[in-house]
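# Examining the three-dimensional arrangement
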Amino acid sequence: MEPITVDVGKGTLGLDSEGVLHLVWKPSTVLEADDVHAAMAMVNEVAGGAEYPMLIDITNTRAVTRPAKSVFSTKCAASRIALLGSNPVNRVIANFAMARRTLPCPTRFFTSHSEAMTWLRGSPLP
């Protein structure tokens, strides 16, 4: 499916031919709770009652607010989530998102797109 814009306009969501959801946040985005809620609602709508692995590209994300971080413990249609980043700021964002929360599905941070996709497909990493 062609990527669709998340209601708040800060990102896009698509479902690829292998059944992996791709959520990509726009450059310099500061994620607020409403942004995360809107993205989760769109994920649930696209999934139509099924669950899919999901890649969330936070490469260009500037920050995640505290209220937005609390939303990450809410269940959506993702069966597992790979957070894709490229720098220490992304790693900090991912660590804060995952730290001290009960996440609703397995979630890991990656700097390699191919390793993230391998993990999402359920294949063991080398």
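Our structure is the block above this text.
For clarity, every value in this text was computed on a predicted model and none was experimentally measured.

The next point concerns the packing of aromatic side chains. Under the defined criterion, the tally for this structure stands at one aromatic pair. Residues phenylalanine 110 and tryptophan 119 carry aromatic rings whose centres are separated by 5.7 Å and whose planes lie at 45 degrees to one another, so their mutual orientation is tilted. Taking relative accessible area as the criterion, phenylalanine 110 reaches 4% and is therefore assigned buried.

It is worth spelling out the nonpolar core at this point. Within the largest apolar cluster, 29 residues are counted, with the highest numbers of intra-cluster contacts made by Leu23, Trp25, Val43, Met54, Ile56 and Ile81. Of all the elements in the fold, those that place two or more residues in this core are strand S2 (11-15), strand S3 (21-25), helix H1 (33-47), strand S5 (52-57), helix H2 (66-71) and strand S7 (78-84). A per-element tally of this core places H1 first, with eight residues. If we ignore the near neighbours within four places in the chain, the residues touching valine 43 are Leu13, Leu21, Met54, Cys76, Ala77 and Ala78. Listed in part, the nine residues of the second largest apolar core include Val20, Phe110, Trp119 and Leu120.

Before going further, it helps to spend a moment on helix H4 (residues 113-120). Of all the residues in H4, the buried ones are Ala116, Met117, Trp119 and Leu120. Down the axis of H4, the smallest arc covering the buried residues is 160 degrees, so these residues share one side. Elements that come into contact with the buried residues of H4 comprise S3, S5, S7 and strand S8 (107-110). Looking at the residues trailing H4, positive phi occurs at glycine 122, about 90 degrees.

To continue, consider the sheet that holds strand S1 (residues 4-5). Two pairing modes exist for strands in a sheet, parallel and antiparallel, and in both the strands are linked by backbone hydrogen bonds. A sheet is described by the order of its strands in space; here six strands give the open sequence S1-S2-S3-S5-S7-S8, paired in mixed fashion. Looking at strand neighbours, the two that pair on one side only are S1 and S8, the edges of this open sheet. Contacts from H1 reach S1, S2, S3, S5 and S7, with the element oriented near 155 degrees to S3. Packed onto the sheet, H4 meets S3, S5, S7 and S8 and runs at close to 170 degrees relative to S7.

Glancing now at the pattern of salt bridges. Tallying each qualifying case throughout the model produces three salt bridges. Two residues, aspartate 35 and lysine 10, come together in a salt bridge whose shortest N-O distance is 2.8 Å. Separated by 25 residues along the polypeptide, aspartate 35 in helix H1 and lysine 10 in the loop between S1 and S2 bring together distant segments of the chain. A relative accessible area of 4% places aspartate 35 in the buried class. Judged by its relative accessible area of 25%, lysine 10 falls in the partly exposed class. With a shortest N-O distance of 2.5 Å, glutamate 18 and arginine 121 are connected by a salt bridge. Pair noted here: glutamate 18 is in the loop between S2 and S3 and arginine 121 is in the segment after H4, with a separation of 103 residues, a long-range link. Of the residues examined, glutamate 18 reaches a relative accessible area of 51% and is grouped as exposed. Arginine 121 gets classed as partly exposed once you look at its relative accessible area, which sits at 43%.

Criteria and cut-off values
What you see as residue numbers is a count from 1 along each chain, following the sequence as written. Only residues with pLDDT of 70 or above have their local features reported here, since the model is predicted, and side-chain atom pairs are shown and tallied only from 80 upward, although totals for entire chains, interfaces and linings are computed over all residues. For side-chain calculations, the full set of non-hydrogen atoms in the structure is used, while hydrogens and water are omitted. Ring pairs are drawn from Phe, Tyr and Trp, using the six-membered ring of Trp, whenever the two centres fall within 6.5 Å, and their geometry is named by plane angle: stacked under 30 degrees, edge-to-face over 60, tilted for the rest. Exposure classes here rest on a 1.4 Å probe applied to the protein chains alone. A residue is buried below 20% of its type maximum, exposed above 50%, and partly exposed in between. Take the buried residues of types Ala, Val, Leu, Ile, Met, Phe, Trp, Tyr and Cys, join any two whose side-chain atoms come within 4.5 Å, and each joined set is a nonpolar core. Strands are runs of DSSP state E lasting at least 2 residues, helices are runs of H or I lasting at least 4, and numbering of each runs from the N terminus. We call two residues in contact whenever any of their non-hydrogen atoms come within 4.5 Å of each other. The arc in question is traced by the directions running from the helix axis to the C-beta atoms. A pair of strands is considered paired only if DSSP assigns at least 2 bridges between the two. Throughout, an axis means a line fitted to C-alpha atoms (over the contacting stretch in the case of helices), and angles, computed between N-to-C directions, take values from 0 to 180 degrees. A carboxyl oxygen of Asp or Glu within 4 Å of a side-chain nitrogen of Lys or Arg is what we treat as a salt bridge.

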